Each structure stands twice: as structure tokens, then as C-alpha cells.
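Below are the chains, spelled out letter by letter.
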Amino acid sequence: KRRNGFIYATAPIPMLRVPKEGEVVKREAKQIDLQELANGLRQIIKINGLVDEKGLFSLLGNQLGYAHVGDVIKARFSQALALIPDLKITPEGNYTLE
């Protein structure tokens, strides 16, 4: 769904296991395989075309059921970013795919 020039996910990201609606228990970031996180991050970047780190991590965290993306989760997401082979960082520090 596009709003104010940005695309927002209206459904769970494919290739990413997310909590069921109303489910309280969610996986800790360290329990999620890095490649699964990388798949989710890549899909968000692919959908948006260009995204900053805060927005990227916030959207993925939201999809995974996290109300807040703290330092531990950010570190895990950063590790996953390193696994995306076609990831490109713009001079402004935004993420896109080659």
C-alpha cells in the first residue's frame, strides 16, 4: 500500500516466518536464522527500491512482532544485511539492490 510516496507492507513478507495474528509469543532475534532475516530485509528493499536503515529495521521488526527494535535486534539485522549479495549502499547511506 502506497502512502505519502512510501510503500507499506499490507501482508507478511514472503519467505519470513512471522507470528500469527494475536500470537503473543515471538521468536527472539537470536533464534531466527540470519539467512531468513536476510531474505526478509532483501524483500523489503526490493519492494521499496530505496530505504534507510531505521525504516528497514523498523518494518522488519514490526513484521516479526517486535514493538521496539533495540540494539540487540539491530545488531542481528546488520549481520543479516551482510548476507545480501546484491545490496548496495548509496552515498546518503540508504539501501538499495543492484
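Keep in mind it's a predicted model, so treat the numbers as computed, not measured. (Residues numbered from 1 in each chain as written. Predicted model: local features only at pLDDT ≥ 70, side-chain atom pairs only at ≥ 80, totals over all residues. Heavy atoms only, no water.)

Caption draft 1: Seen up close, the overall build of the protein chain. Per the secondary structure count, the protein chain includes three helices and four strands. Across the protein chain, helices and strands are ordered from the amino to the carboxyl terminus as β-β-α-α-α-β-β. The buried share of the protein chain, taken over its 98 residues, is 36%. Taking all contacts inside the protein chain whose residues are at least 6 apart in sequence as the whole, residues at least 24 apart take part in 60%. (Helix = DSSP H or I, 4+ residues; strand = E, 2+ residues; numbered from the N terminus. Buried < 20%, exposed > 50% of the residue type's maximum accessible area, 1.4 Å probe, protein only. Contact = heavy atoms within 4.5 Å.)

Caption draft 2: Structural context of the packing of helix α1 (residues 34–48) against helix α3 (residues 71–81). Interhelical geometry of α1 versus α3 gives an angle of 80° and a closest axis separation of 8 Å. When the axis of α1 is compared with that of α3, the two are roughly perpendicular. Within the contact between the two elements, α1 uses Leu-34, Leu-37, Ala-38, Leu-41 and Ile-45 and α3 uses Arg-76, Phe-77, Gln-79, Ala-80 and Leu-81. Grouping the amino acids of the contact of α1 with α3 by side-chain chemistry returns eight nonpolar, one polar and one charged. (Axes fitted to C-alpha atoms, helices over the stretch in contact; angles between N-to-C directions. Parallel < 35°, antiparallel > 145°, perpendicular 65-115°, else oblique. Nonpolar A, V, L, I, M, F, W, Y, C, P; charged D, E, K, R; others polar.)

Caption draft 3: Local environment of the pattern of salt bridges. Taken as a whole, this structure holds two salt bridges when the rule is applied. Its salt-bridge partner being Lys-30, residue Glu-28 comes within 3.8 Å of it at the nearest N-O pair. Under the relative-accessibility criterion, Glu-28 is labelled partly exposed at 44%. When the shortest N-O distance is used, the salt bridge between Arg-42 and Asp-86 registers 2.6 Å. Of this pair, Arg-42 sits in helix α1 while Asp-86 sits in the loop between α3 and β3 (87–89), and the two are 44 residues apart along the sequence. (Salt bridge = Lys/Arg side-chain N within 4 Å of Asp/Glu carboxyl O.)

Caption draft 4: Highlighting helix α2 (residues 53–63). Considered for burial, the residues of α2 that qualify are Leu-56, Phe-57, Leu-59, Leu-60, Gly-61 and Gln-63. Summarising the contacts, the buried residues of α2 are in contact with α1, α3 and β4 (95–97).

Caption draft 5: A look at the packing of aromatic side chains. Tallying each qualifying case throughout the model produces one aromatic pair. Here the aromatic rings of Phe-57 and Phe-77 are separated by 5.4 Å at their centres, their planes lie at 75°, and the arrangement is edge-to-face. In this pair, Phe-57 sits in helix α2 while Phe-77 sits in helix α3, placing the two residues 20 residues apart along the sequence. The exposure class of Phe-77 is buried, given its relative accessible area of 0%. (Phe/Tyr/Trp six-rings, centres within 6.5 Å; stacked < 30°, edge-to-face > 60°.)

Just distances and angles here, no functional claims.
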